[in-house]
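# Observations on chain architecture
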Amino acid sequence: MSGMTLGAAHQTLRDEVTEELRRRILSGELAQGERLVEDRLAAALGVSRNPVRESIRVLAAEGFIEVVPRLGATVARLSAEEGEELFDVRMAIEGLAARLAARKRDPAAAERLRQVLEQARQAVEAGRLERVADLNTTFHLAVGEAAGNSYLSLMMKPMLQRAQWVFSQTAAARGPHSWSEHVSLYEAIAAGDEDEAQARAVAHVAAARRSFLVAVGRTTKHPND
């Protein structure tokens, strides 16, 4: 975060605080299981306790924070079982999104995907893992937008925020492989090949699942096998 405190910004404080706390959770700055003290967070962000308290409620509803009466708030822990459930849903939704995006074959949407891929290539080469994780989410959201289905879009953003939490645990190992898979997916979408786009999207999510299971000690297979 920049030197300017959030309290000095002319924006909705609750939304700004929520975005910043979510970013810190996704990046691991706020570790899973870490206790969240409102006074300390408010002081660090340069705001009063009220927007911090409101943001904790929002992030608790999203599943990033756990609030226990009389004990307070902590960063939630993402179990291996929850991670696997998330990958099951991602396979179905992202496979469909890729198929619909290929069907639409919109040149502007394809160009947006290409631009994200180029930004990601630079981030991977520079070893900027947090930026890689952000762009991973941006790419998948862009595929969802390219699908042109409003119901699908409603589901993808909250799902991909959780997926970024998973990706941040494996970004170092998965980064280069993930982006080569993204390039392959982009090529199928740009070519308008529905079957291939769906197959590549599902294979990509399956590879991410294997990497996650290695990271949490659920398998000893190489994450990219």
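Keep in mind the model is a prediction, meaning the values are calculated, not measured. (Residues numbered from 1 in each chain as written. Predicted model: local features only at pLDDT ≥ 70, side-chain atom pairs only at ≥ 80, totals over all residues. Heavy atoms only, no water.)

## Section: the overall build of the protein
Scanning the protein for helices and strands turns up nine helices and three strands. Scanning the protein from its N terminus toward the C terminus, one meets helices and strands in the order α-β-α-α-β-β-α-α-α-α-α-α. In the protein, which comprises 225 residues, the proportion classed as buried is 43%. Accessible area for the protein stands at about 11400 Å²; split by element, carbon and sulfur atoms hold 50% of it. (Helix = DSSP H or I, 4+ residues; strand = E, 2+ residues; numbered from the N terminus. Buried < 20%, exposed > 50% of the residue type's maximum accessible area, 1.4 Å probe, protein only. Areas by Shrake-Rupley, 256 points an atom, 1.4 Å probe, with all protein chains shown as cover.)

## Regarding the packing of aromatic side chains
The tally for this structure, following the rule as stated, stands at three aromatic pairs. Arranged with centres 5.8 Å apart and planes meeting at 50°, the rings of F87 and F212 form a pair that is tilted. Placement of F87 in helix 4 (residues 80-104) and of F212 in helix 9 (residues 194-215) is noted, with a sequence separation of 125 residues between them. The residues F87 and F212 share a single accessibility class, namely buried. With 6.1 Å between their ring centres and 80° between their planes, F139 and W179 make a pair best called edge-to-face. Here W179 lies in helix 8 (residues 171-191) and F139 lies in helix 6 (residues 129-147), a separation of 40 residues in the sequence. Assessed through its relative accessible area of 0%, F139 is described here as buried. The side chain of R162 reaches across the aromatic face of F64, ending 5.3 Å from its centre. (Phe/Tyr/Trp six-rings, centres within 6.5 Å; stacked < 30°, edge-to-face > 60°. Lys NZ or Arg CZ within 6 Å of the ring centre and 35° of its normal.)

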